[in-house]
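Listed here are the chains, written in short residue letters.
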Amino acid sequence: MQLVSMMRSQHRVLLGTQLKFLNKINVSQTLHFSALSPHFLQSHGPYILPILEQRKIGRELANLVQLPCPNIPIPYYYKKIHAHIVVLGFHQHDIFLMNTLLHKYSKLNLINDAQKLFDTMPHRNLVTWSSMVSMYTQHGYSVEALVLFCLFRRTCSEIPNEYILASVITACTRLGSLSQALQVHGLVVKGGFVQDVYVGTSLIDFYAKHGCIDEARLLFDGLEVKTTVTWTTMIAGYSKEGRSEASLELFNQMREGDVCPDRYVISSVLSACSMLEFLEGGKQIHGYVLRRGIDMDVSLVNGIIDFYLKCHKMKTGRKLFDRLVDKNVVSWTTMIAGCMQNSFHWDAMDLFIEMARMSWKPDAFGCTSILNSCGSLQTLEKGRQVHAYTIKANIDNDDFVKNGLIDMYAKCDSLTDARKVFDLMAAINAVSYNAMIEGYSRQDKLYEALDLFREMRLSLLPPNLLTFISLLGLSASLFHLELSNQIHGLIIKYGVSLDNFAGSALIDVYSKCSCVGDARLVFEEIYDKDIVVWNAMFSGYTQKLENEESLKLYKDLQMSRLKPNEFTFAAVITAASNTVSLRLGQQFHNQVKKMGLDDDPFVTNALVDMYAKCGSIDEANKAFSSANRRDIACWNSMISTYAQHGEAAKALEVFENVIMEGVKPNDVTFVGVLSACSHAGLLDLGFHHFESMSRFGIEPGMEHYACMVSLLGRAGRIYEAKEFIDKMPIKPAAVVWRSLLSACRLSGHVELGVYAAEMAISCDPTDSGSYILLSNIFASKGMWENVKKVREKMDMSGVVKEPGCSWIEVNNEVHRFIARDTAHRDSTLISLVLDNLILQIKGFGYAANSVAFLLLD
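Rules of the game
- Residues numbered from 1 in each chain as written.
- Predicted model: local features only at pLDDT ≥ 70, side-chain atom pairs only at ≥ 80, totals over all residues.
- Heavy atoms only, no water.
- Helix = DSSP H or I, 4+ residues; strand = E, 2+ residues; numbered from the N terminus.
- Buried < 20%, exposed > 50% of the residue type's maximum accessible area, 1.4 Å probe, protein only.
- Areas by Shrake-Rupley, 256 points an atom, 1.4 Å probe, with all protein chains shown as cover.
- Contact = heavy atoms within 4.5 Å.
- Phe/Tyr/Trp six-rings, centres within 6.5 Å; stacked < 30°, edge-to-face > 60°.
- Salt bridge = Lys/Arg side-chain N within 4 Å of Asp/Glu carboxyl O.
- Expected span 1.5 Å × (residues − 1).
- Polar contact = N/O pair within 3.5 Å; in protein donor to acceptor, adjacent residues only side chain to side chain.
- Axes fitted to C-alpha atoms, helices over the stretch in contact; angles between N-to-C directions.
- Parallel < 35°, antiparallel > 145°, perpendicular 65-115°, else oblique.
- Left-handed = near helix turned anticlockwise from the far one by under 90°.
- pLDDT = per-residue confidence, 0-100.
- Nonpolar A, V, L, I, M, F, W, Y, C, P; charged D, E, K, R; others polar.
- Disulfide = S-S within 2.5 Å.
- Patch = residues over 30% accessible without salt bridge, like charges linked within 9 Å, V, L, I, M, F, W, Y side chains within 5 Å.

Asker: An account of the overall build of the protein is needed here, citing residue identities and associated values.
Answerer: Of the regular secondary structure elements, the protein holds 48 helices and two strands. Within the protein, buried positions represent 45% of all 857 residues. Surface exposure of the protein reaches about 45400 Å², of which carbon and sulfur atoms provide 55%.

The structure is reproduced here in structure tokens:
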């Protein structure tokens with residue numbers, strides 16, 4: 001502190017001395033040497049003293065310009081010096097002094113004064129032009145810099161130096177002038193400045209920012225001397241282009257050299273780690289920063305917080321945020337956006353409220369992030385409050401904010417408000433159309449979405465990837481094959497047919513429209529498949545019970561470079577459960593444990609279901625009990641498992657645990673509970689749970705009513721079941737009547753069974769199950785004529801019974817058999833063996849049950 005005070009004191013003394021010297025100059029008595037002719041000088045001899053006096057005054061004026069100004073208005077101070085320079089005539093011949101003043105005007109952002117000075121200078125050298133071009137570039141006047149450079153080339157014979165060239169290249173970078181930058185590059189080569197570090201760094205920056213990253217790398221490798229800025233430019237260029245691996249490789253090379261990375265390099269490398277979600281690399285960089293004591297300003301800390309949030313390390317990011325003393329708007333916005341991206345939407349809401357309470361003003365980016373959280377949580381009122389704030393803060397016209405508002409209102413099922421925001425937009429872009437189309441698609445509003453899509457195309461806005469994905473999601477939810485084909489055609493027309501996102505959406509829609517073959521063709525067309533594409537194909541096969549194809553596809557996945565994730569295993573474990581292959585299911589379970597995915601709720605649910613279908617109830621219970629995270633779907637799987645296997649008491653015990661854990665049951669939960677009561681004949685308890693559904697905000701659906709009818713039927717109260725159906729508040733579907741029909745078959749009530757069958761057939765004429773149940777009732781009573789009539793009616797109505805199917809796994813190969821099918825390669829040999837077995841059975845006196853064979857037919 002004492003040293004600083006001494007330096008300031010010396011500066012004040014020196015400045016005071018020079019000002020006194022300036023004031024002593026008698027302007028009227030000073031000889032203006034610029035007006036003297038050579039003839040005058042020759043006739044009067046050398047005027048040594050006046051020349052020395054002139055040089056002394058020039059040096060003092062230059063010192064005054066270069067020293068910081070005293071406690072007076074800055075423009076006034078330097079303009080006063082400028083006035084003395086003009087009065088004394090130094091502006092006519094002292095180029096050094098004028099260049100010094102020009103540089104000072106540039107540093108003070110006095111652009112107009114610098115321009116006037118430049119225009120009045122009778123003599124200019126290379127430094128003069130360089131100062132002006134640099135000034136324009138530094139202050140963002142890129143066009144003026146290029147115009148002045150062109151004037152320099154026309155009027156000045158001197159070769160441009162490295163400073164002019166570096167400034168002009170920077171101006172070209174900002175303007176995106178590729179042709180002009182290439183011409184300047186030619187001048188660089190011609191003038192021999194290729195190895196100049198400043199010019200080279202400017203060229204690298206230009207090429208990197210305009211997508212020519214390989215050309216930038218050639219220039220970078222050619223530079224013998226590289227500064228920290230050079231390394232930063234190249235590393236940031238790789239990060240921007242998404243080539244994060246190359247960015248990290250360069251950073252390692254930089255550390256091995258003599259150049260010390262600064263905070264700008266660190267920020268670029270952290271961005272690369274964020275894009276790759278390279279947690280370990282980012283941690284090492286964080287440790288490097290702490291060890292080397294690099295200046296941890298707020299921007300660098302914001303970058304580290306952003307890295308941890310993008311790597312899904314919310315706790316670490318939040319700790320850094322809470323410890324940050326000098327937070328700025330970017331700090332708050334980064335934290336809010338991180339919470340939103342990691343689905344911590346309530347935390348994002350709390351941070352936003354705290355930010356406003358501490359008088360920080362959220363910007364457009366922060367508002368867009370919180371609007372996304374409001375939409376995800378479907379908190380319409382909170383979203384309206386944010387909307388009100390954007391109007392008050394005058395950022396409601398920002399395109400990102402408006403698109404965020406459309407998305408929020410659409411997700412909150414307030415399409416009227418979303419459309420109002422959309423219609424009020426002055427310049428509607430593709431993102432706005434996509435948000436609105438997505439809103440209509442989410443509510444299955446086909447015609448509104450297609451009208452908007454047509455309007456988008458008429459307005460000459462080309463649809464992009466997200467547009468097609470939204471429309472494909474709509475056609476998938478509506479099972480609209482024709483629309484899907486048309487969208488597929490447009491995707492090919494616009495050249496995005498091989499994109500992973502579009503490919504996944506196409507595979508999904510074709511699978512849901514029962515065109516798994518077409519889905520596989522799309523799958524094969526995609527060149528560089530990611531795991532999402534594979535999972536879409538697995539899901540398609542599983543949905544359509546193409547289990548063998550799903551398992552074959554998994555073998556192909558193992559041969560690729562990709563690793564399966566939790567969604568992959570959920571699909572293939574489901575395929576294993578559908579084929580009742582315990583061995584395959586156990587193999588998948590082992591792989592899941594090895595990869596650390598056994599804690600995922602989707603995988604847990606699939607494992608519980610697989611073990612249940614394979615009859616391994618104990619293993620299902622182990623998988624359920626070992627799960628650290630259980631969602632309601634996981635609890636439902638266990639309840640259904642016990643219910644299907646007749647373990648009603650255990651199913652109800654699990655349900656009680658659901659209530660004790662504070663987990664809210666859903667409609668599927670009560671289907672399992674009511675099924676358990678039905679199988680155990682717990683009539684009173686079944687009605688108790690049925691009536692308790694309203695306490696959890698659940699309206700009974702058709703499956704619940706079918707369970708209650710089955711419960712009454714199993715208890716032998718057939719007519720009460722019929723009365724229950726008559727009193728239903730909604731029209732009973734075929735599944736309800738089939739429950740009554742099944743109860744009639746068990747109890748032998750032919751007349752009521754016929755009535756139930758007629759009602760079920762009237763609800764669903766194409767379902768063969770009702771015909772078969774009625775036929776079995778007649779067969780059990782020996783009413784074969786009636787059986788014949790039922791079969792004839794089925795034939796007349798074109799109803800075909802779904803053929804029975806069985807399979808067996810031998811030597812890692814699944815063999816599938818369908819009733820009356822001879823497609824298997826060994827069907828003749830198998831039939832001979834079966835005939836031989838039947839003959840042996842008959843030899844033991846076995847008589848076939850005709851009703852049993854009828855049921856098997």
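Asker: An account of the environment of Ile573 is needed here, citing residue identities and associated values.
Answerer: Relative to the elements of secondary structure, Ile573 occurs in helix α33 (residues 566-578). Sequence separation between Ile573 and Ala606 is 33 residues; the distance between their C-alpha atoms is 6.0 Å. When near neighbours in sequence (up to four residues on either side) are disregarded, Ile573 contacts Phe588, Val592, Val603, Ala606, Leu607 and Met610.

Asker: Account for the packing of aromatic side chains, with residues named and values stated.
Answerer: Applying the stated criterion across every chain, the model contains 19 aromatic pairs. An angle of 85° between the planes, with centres 6.3 Å apart, marks the rings of Phe687 and Phe724 as edge-to-face. Pair noted here: Phe687 is in helix α40 (residues 683-692) and Phe724 is in helix α42 (residues 718-726), with a separation of 37 residues, a long-range link. On the accessibility criterion, Phe724 (15% relative accessible area) is buried.

Asker: Could you give an account of the pattern of salt bridges, naming the residues involved and the relevant values?
Answerer: With the rule as written, the count across this model stands at 20 salt bridges. Between Arg454 and Asp451 there is a salt bridge; the shortest N-O distance is 2.8 Å. Taken together, the residues Arg454 and Asp451, both in helix α26 (residues 446-458) and three residues apart, mark about one turn of the helix. If you follow the salt bridges from partner to partner, you end up with Glu381, Arg384 and Asp417 in one network.

Asker: Which residues make up the environment of Ile159, and what are the values?
Answerer: With respect to the element layout, Ile159 can be found in the loop between α8 (142-155) and α9 (162-175). Through-space distance from the C-alpha of Ile159 to that of Leu126 is 8.3 Å; in sequence the pair is 33 residues apart. Discounting chain neighbours no more than four positions away, the residues touching Ile159 are Leu126 and Phe152.

Asker: Which residues make up helix α35 (residues 601-613), and what values do they have?
Answerer: Along an α-helix, residues three or four positions apart point the same way, because every turn accommodates 3.6 residues. Relative to the 18 Å expected for 13 residues at 1.5 Å per residue, α35 spans 18 Å between its end C-alpha atoms, a close match to the ideal helical length. Across the 13 residues of α35, 10 count as buried, placing the element largely inside the fold. Turning to α35, its buried residues number three or more, namely Pro601, Val603, Thr604, Asn605, Ala606, Leu607, Val608, Met610, Tyr611 and Ala612. Buried positions along α35 lie against α33, α34 (582-595), α36 (617-625) and α37 (632-644). Its side-chain oxygen 2.9 Å from the backbone nitrogen of Phe602, Asp600 forms the N-cap of α35. Positive backbone phi, at 80°, marks Gly615, one or two positions downstream of α35.

Asker: Go over the side chain of His704, please, and point to the residues and values.
Answerer: Along the polypeptide, His704 turns up in helix α41 (residues 702-714). Classification of His704 by relative accessible area gives buried; the value is 3%. A polar contact is formed between the side chain of His704 and the backbone nitrogen of Gly701, at a distance of 2.8 Å. With residues near it in sequence (within four places) discarded, His704 still touches Asp667, Phe670, Val671, Leu674, Phe690 and Met693.

Asker: I'd love a proper account of the side chain of Asn434, names of residues and values included.
Answerer: Along the chain, Asn434 turns up in helix α25 (residues 430-442). Residue Asn434 is classed as buried on the basis of its relative accessible area of 6%. Ignoring sequence-local partners within four residues, the contact set of Asn434 consists of Met456, Asn464, Leu466, Thr467 and Ser470.

Asker: I'd like to hear about the packing of helix α19 (residues 329-341) against helix α20 (residues 345-357), residue by residue, with values.
Answerer: Direction vectors running N to C along α19 and α20 enclose 160°, while the axes themselves pass 7 Å from each other. Looking at the two axes, α19 sits roughly antiparallel to α20. For the pair α19 and α20, the crossing hand works out as left-handed. Seen from α19, the contacting residues are Val329, Trp332, Thr333, Met335, Ile336, Cys339 and Met340; seen from α20, they are His345, Asp347, Ala348, Leu351, Phe352, Glu354 and Met355.

Asker: How would you explain the confidence of the model for the protein if you had to name every residue and give the values?
Answerer: Within the protein, residue pLDDT values average 78, and 83% of them lie at 70 or more. Ignoring residues within four places in sequence, the model shows residues 1-49, a span with pLDDT below 50, making 39 contacts including any to other chains. A low-confidence stretch, residues 850-857 stays under pLDDT 50, and its non-local contacts, those more than four residues away or across chains, total 14 contacts.

Asker: Lay out unusual backbone geometry with the relevant residues and their values.
Answerer: Residue Phe479 is not a glycine yet carries a positive backbone phi of 55°. Mapped onto the secondary structure, Phe479 falls in the loop between α27 (465-477) and α28 (481-493). Residue Phe479 is classed as exposed on the basis of its relative accessible area, which comes to 53%. One non-glycine residue, Leu545, lies in positive phi territory at about 60°. Along the chain, the position of Leu545 falls in the loop between α31 (531-543) and α32 (547-559).

Asker: Describe the packing of α40 against α41, with residues and values.
Answerer: Packing of α40 against α41 brings their axes to within 10 Å, and their N-to-C directions diverge by 165°. Taken together, α40 and α41 sit at an angle that is classed as roughly antiparallel. Once α40 is placed against α41, the crossing between them reads as left-handed. Across from Leu683, Gly686, Phe687 and Phe690 in α40, the residues of α41 making contact are His704, Tyr705, Met708, Leu711 and Leu712. Here the residues of the contact of α40 with α41 are counted per class, giving seven nonpolar, two polar and no charged.

Asker: Describe helix α17 (residues 298-310), and please don't skip the residues or the numbers.
Answerer: When the terminal C-alpha atoms of α17 are compared, their 18 Å separation across 13 residues agrees well with the 18 Å that a helix rising 1.5 Å per residue should span. Of the residues making up α17, those classed as buried are Leu300, Val301, Asn302, Ile304, Ile305, Phe307, Tyr308 and Leu309. In the core, the buried residues of α17 are packed alongside α15 (263-276), α16 (279-292), α18 (314-323) and α19. At the C-terminal side of α17, His312 shows a positive phi close to 65°.

Asker: Could you give me a rundown of the state of the cysteines, with the residues and numbers involved?
Answerer: Working definition of a disulfide: a covalent bond connecting the sulfur atoms of two cysteines. For the structure on display, the rule yields zero disulfides. The structure places no disulfide on Cys311, whose sulfur is separated from the nearest cysteine sulfur, that of Cys273, by 7.5 Å. The class of Cys311 is buried, set by a relative accessible area of 9%.

Asker: Which residues make up a nonpolar patch on the surface, and what are the values?
Answerer: Taken together, the side chains of Leu829, Leu832, Val833, Leu834 and Leu837 present a nonpolar region at the surface, about 480 Å² in accessible area. Position of Leu832 relative to the elements: it lies in helix α47 (residues 827-843). Assessed through its relative accessible area of 54%, Leu832 is described here as exposed.

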